[in-house]
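Residue-level listing of the chains:
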Amino acid sequence: MMKPDMSALETHFGAPAGEDCGLLFDVDDSSMPAMEFPNCPNFDRFQAKTKDMVKNKRGTTTLAFIFDRGVIVAADSRASMGGYISSQTVRKIIEINPYMLGTMAGGAADCQFWHRNLGTKCRLHELANKRRISVTGASKLLANILYSYRGMGLSIGTMIAGWDEKGPGLYYVDSEGARLKGNRFSVGSGSLYAYGILDEGYRFKMSIEEAGELARRAIYHATFRDGASGGCVSVYHVGPDGWTKLSGDDVGELHFQYYPVQKTPVEQEMVDASPSTA
Amino acid sequence: MSIFEYNGSAVVAMVGKNCFAIASDRRLGVQLQTIGTDFQRVFKIHDKLYIGLSGLATDAQTLYQRLVFRHKLYQLREERDMKPETFASLVSALLYEKRFGPYFCQPVIAGLGENDEPFICTMDCIGAKELAKDFVVSGTASESLYGACESMYKPDMGPEELFETISQALRASVDRDCLSGWGGYVLVVTPTEVRESVIKGRMD
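Residues numbered from 1 in each chain as written. Chains lettered and ligands numbered in written order. Predicted model: local features only at pLDDT ≥ 70, side-chain atom pairs only at ≥ 80, totals over all residues. Heavy atoms only, no water.

The name that an unreviewed UniProt entry assigns to chain B is Proteasome subunit beta, with the source organism given as Eleusine coracana subsp. coracana.

Looking at an unreviewed UniProt entry, one finds chain A named Proteasome subunit beta, with Eleusine coracana subsp. coracana as its source organism. Heading Catalytic activity (unreviewed entry) of the UniProt record for chain A holds this comment: "Cleavage of peptide bonds with very broad specificity." (UniProt positions renumbered as here; feature names shortened; annotations may be inferred.)

Dropping the structure here:
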């Protein structure tokens, strides 16, 4: 009888103290991407410093909700480093595959890398099983990877939204290892402001235009109040045939669309003296 | 975030031909949250002297109230308005009095002195004066403001051109700062008139 394959149960992390902190696991191990750990004298301090570096980086607003026509996903586009705006045109909605979207909040590099990695794994699953992976499965794959890196300073707060055989699916996954299934989520420093608008205007039965407009307004209000959110609002819709981009609006112009400038009455105006008629 | 970045601010003053302009943003925030979008940072001392105060908002308001008090006393005693150079020395002395527990403000002073010569200066929070012939900046967006002013400034601009230049410099700089912006307020002062305007800006 063949011995069952126990390789998945072996731990690859946490080298005992005193050992060389070089390559910790085999390069040809296909389950985990091989990442070299630095050869430094104090690995714990290095981890703590990395965590501090990425700590306050969730300056963003992203949201997603399920309604009867599918899933709406929306995000702003600002990247900030403390007080400095490093970019106003960041793509925070990542296209994992034509029917699944992921949102980015936290460290940009972390989110981009692991979403692409997730896309690769989803494609491999499709090829191996001759059917698309479910949103449940994809979010579980990501959550397990992030859990294994827990405590190492990854900063990811993402939502996986998609449409599979069971219908629309939405999961919140973060770098602390949380994986939550839900109908409405908002992630980032501006999420509280977005929740205010989203919770007020949400109904399950909405048309796609209404849902898109609700998401746009929620993100807009978050960009107004939150200093770390801004730029453009992108709104995507995931339906049975995959995702489509509904709108991409500059928040600066959106403000004056929603709140046009009122002409205030002039208090004191200089008037030319009327010409005297002799 | 440091105490100077608690409320967020941007103030700039520029010199033109027989005129000056002083401008500020209008945001009042508590770290990343925006509380107000019509906060006043540029205050009038007298018709030809204005002070813009960036940094902690409460210290800006208190410092302004103390300065107005001192200037009113001066007006009663000397029976005339203070010259901008004298006022700058007054602000510097007042700030240094609090050397070991300072006001967390960086003032920008702009005025028309003798013969209506424009005068601008800025100081750090403990009163180190920095006089300039072209422009002075302060606030959380000061680095961006330096860059924008340096590239947009020309000497001897008239009031209309000065207004355009200072507004564009302010807008471009606060659009790169999370903590300032949400509109702008510009004052252009010539020997005969004062023109105040509210600038439309990005509200994010």
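Structure shown, so let's carry the discussion forward.
All names here are of chain A. A complete count under the given rule lists 12 aromatic pairs over all chains for this structure. Taking the centre distance of 5.7 Å and the plane angle of 85 degrees together, the rings of Phe65 and Tyr202 count as edge-to-face. Of this pair, Phe65 sits in strand β1 (residues 62–67) while Tyr202 sits in the loop between α4 (191–201) and α5 (208–225); the two residues are 137 residues apart in sequence, bridging distant segments of the chain. Judged by its relative accessible area of 0%, Phe65 falls in the buried class. With a relative accessible area of 16%, Tyr202 lands in the buried category. Plain terms: the ring middles of Phe113 and Trp114 are 4.9 Å apart, the flat faces sit at 85 degrees to each other, and that makes the pair edge-to-face. Of the residues examined, Phe113 reaches a relative accessible area of 40% and is grouped as partly exposed. (Phe/Tyr/Trp six-rings, centres within 6.5 Å; stacked < 30°, edge-to-face > 60°. Helix = DSSP H or I, 4+ residues; strand = E, 2+ residues; numbered from the N terminus. Buried < 20%, exposed > 50% of the residue type's maximum accessible area, 1.4 Å probe, protein only.)

Before going further, it helps to examine the environment of Thr122 of chain B. If you trace the backbone, Thr122 of chain B turns up in strand β8 (residues 118–123). Among the polar contacts made by the side chain of Thr122 of chain B, one reaches the main-chain carbonyl oxygen of Pro107 of chain B at a distance of 3.0 Å. (Polar contact = N/O pair within 3.5 Å; in protein donor to acceptor, adjacent residues only side chain to side chain.)

The interface is formed by 26 residues belonging to chain A together with 18 residues belonging to chain B. Counting the surface lost from both chain A and chain B, the interface buries some 1800 Å², and carbon and sulfur atoms represent 52% of this. In terms of surface lost to chain B, no three residues of chain A exceed Phe224, Arg225 and Phe256 of chain A, which account for 28% of the buried area on that side. In this assembly, chain A and chain B are joined by 2 salt bridges. Taking the shortest distance from any N to any O, the salt bridge between Arg78 of chain A and Asp204 of chain B comes out at 3.3 Å. (Contact = heavy atoms within 4.5 Å. Buried area = accessible area lost by both parts, 1.4 Å probe. Salt bridge = Lys/Arg side-chain N within 4 Å of Asp/Glu carboxyl O.)

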